[in-house]
Amino acid sequence: MQGEYRFAHRHIISIDDLSVSDINHILQTADSLKEISTRAIKKVPTLRGKTIVNLFFEPSTRTRLSFEIAAKRMSADTYSISATTSSAVKGESLIDTARNLQAMGPDAIIIRHASSGAPNLLKNHVQASIINAGDGTHQHPSQALLDLMTVKERKGRLEGLKVAIVGDITHSRVAHSDIIGFTKMGARVHVCGPNTMLPPGLEAMGAVRHRRVASAVRDADVVMALRIQKERQRDPLIPSLREYATIFGINREVAALARPDALIMHPGPINRGVEMSPEVADGGQSVILEQVTNGVAIRMALLYLVLGGSD
Ligand code: CP
C-alpha cells in the first residue's frame, strides 16, 4: 500500500531532485497560496518568527524581489545582501560568508551565484535551508516551477504539450531547469538556437534539437524565448545581434507557426527586438507577466514547504 505523500526536501537546489509528486505538490501549494496576493491585506502569519536571507551575487529583478515579497507575505523577516555590499568584495570566501550568516541564525538562505554548484556547496556548510535562485549555467529551479505553474494554469495540463525553447541553451540555467521540469511532467521539449549555443547531451535530457526555428516552433503549445547570456560567454558566439534576431528571433511570423492558442513565454529580462519582437512580447498570447505573478506564489510555496509547512 502506498504511504501518504510528504514533502521531504529541506533544500531546493535542482529541479532534478524533485519527483513528479513533489512538483505536483509544489504547484498545488502555490495555487492555494496565490490567493493571498489578491487580498486587501496581503499577509498571513505562516512563517512568523522565521528569518530569511537573500544572498544575491548576481543582478536580479524578478527572482530577488519575488522571494522577498513571498517571505514578507507569510510574515517572515527578510534581509538582503548583494555582492557589491557584502564583504565578498574584500575577499571573503563564499563558505566564510555562509558560516558568518549561519552564526546569525537564519532559517533559510536564498542564493544566486555566478558559479554553478555554489548552492550545493553552501548546503554542506550551514544548517539553514538553501534555495537556489540561479547558479551559473546550472539550474534555476524556482523559474522552472513558475513556468510549469503558468502553463498548467492556462492549458489545464502539462502532459503531451509541445514546448519550444529558442535561444542560448548552453548558458541558460532556465533552459536546463525547464527541459528537465517539462520533460518530467510529460511535455515534449524542442530546442533551437545557434549551433554555438546548443550543448551536447540535449537528447539525453529528453529534448529534441532543431536547426531551424520554424521546425521547433511549428504546432507548439508553448513558445519560450531566452536571452543570450553574454555575461557567461568568453568569446562572441554569434556574428551580430541583428543576424541573431533575423534567424532566431520570435517575431509575429514565427509565432504564427505555433498553435493559434500557443502561449508566448520569456523568463526575463527581455532584449526586445533581439530574441523576441515587442509585438509578440506584448501580444494577446503573451503570459510573460503571468510568469512573474506566479513567481511570487511558487516562492511562497517553496519557503512554506522547506521551512516545515508540509501540513
Ligand atoms: N527570470 C529571472 O531570473 O529574472 P531575474 O534575473 O530578474 O531574477
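Here the structure is a predicted model, which means the values were calculated and not measured.

Caption draft 1: Quick look at the site of the ligand. As a structural note, the neighbourhood of the ligand is formed by Ser-60, Thr-61, Arg-62, Thr-63, Arg-112, His-140, Gln-143, Pro-267 and Gly-268. Within the backbone of Thr-61, a nitrogen or oxygen atom sits 2.8 Å from an oxygen atom of the ligand. Protein contacts shield 92% of the accessible area of the ligand, which totals 260 Å² for the unbound molecule. Partitioned by chemical class, the residues of the shell around the ligand number one nonpolar, six polar and two charged. The two domains that each donate at least three residues to the shell around the ligand are domain 1 (15-140 + 292-307) and domain 2 (141-287).

Caption draft 2: How the structure looks around the environment of Asp-147. By the element assignment, Asp-147 lies in helix 5 (residues 141-155). A relative accessible area of 0% means that Asp-147 is categorised as buried. Through-space distance from the C-alpha of Asp-147 to that of Met-265 is 8.3 Å; in sequence the pair is 118 residues apart. Contact partners of Asp-147, with chain neighbours within four places excluded, come to Val-174, Asp-178, Phe-182, Met-224, Met-265 and Gln-291.

Caption draft 3: Seen up close, the packing of aromatic side chains. Summed over all chains, the structure comprises one aromatic pair. Between Tyr-244 and Phe-248, the ring centres sit 5.5 Å apart and the planes meet at 35 degrees, which makes this aromatic pair tilted. Of the two residues, Tyr-244 and Phe-248 are both situated in helix 8 (residues 241-248); the distance of four residues between them amounts to about one turn of the helix. When the ring centre of Phe-67 is taken as reference, the NZ or CZ atom of Arg-299 above it lies at 5.1 Å.

Caption draft 4: Highlighting the pairing of strand 8 (residues 222-225). Of the two faces of strand 8, both are covered, the one formed by Val-222 and Met-224 as well as the one formed by Val-223 and Ala-225. Note: strand 5 (residues 162-166) against strand 8, four bridges, orientation parallel. Residue pairing across strands places Ala-164 opposite Val-223, the latter belonging to strand 8. Of the strand pairs in this sheet, strand 8 and strand 9 (residues 263-265) are connected by three bridges, and their pairing is parallel. Paired with Val-223 across the strands is Ile-264, a residue of strand 9.

About the cut-offs
- Residues numbered from 1 in each chain as written.
- Predicted model: local features only at pLDDT ≥ 70, side-chain atom pairs only at ≥ 80, totals over all residues.
- Heavy atoms only, no water.
- Near = heavy atom within 4 Å.
- Polar contact = N/O pair within 3.5 Å; in protein donor to acceptor, adjacent residues only side chain to side chain.
- Areas by Shrake-Rupley, 256 points an atom, 1.4 Å probe, with all protein chains shown as cover.
- Nonpolar A, V, L, I, M, F, W, Y, C, P; charged D, E, K, R; others polar.
- Domains from an automatic or database assignment.
- Helix = DSSP H or I, 4+ residues; strand = E, 2+ residues; numbered from the N terminus.
- Buried < 20%, exposed > 50% of the residue type's maximum accessible area, 1.4 Å probe, protein only.
- Contact = heavy atoms within 4.5 Å.
- Phe/Tyr/Trp six-rings, centres within 6.5 Å; stacked < 30°, edge-to-face > 60°.
- Lys NZ or Arg CZ within 6 Å of the ring centre and 35° of its normal.
- Pairing = 2+ DSSP bridges.

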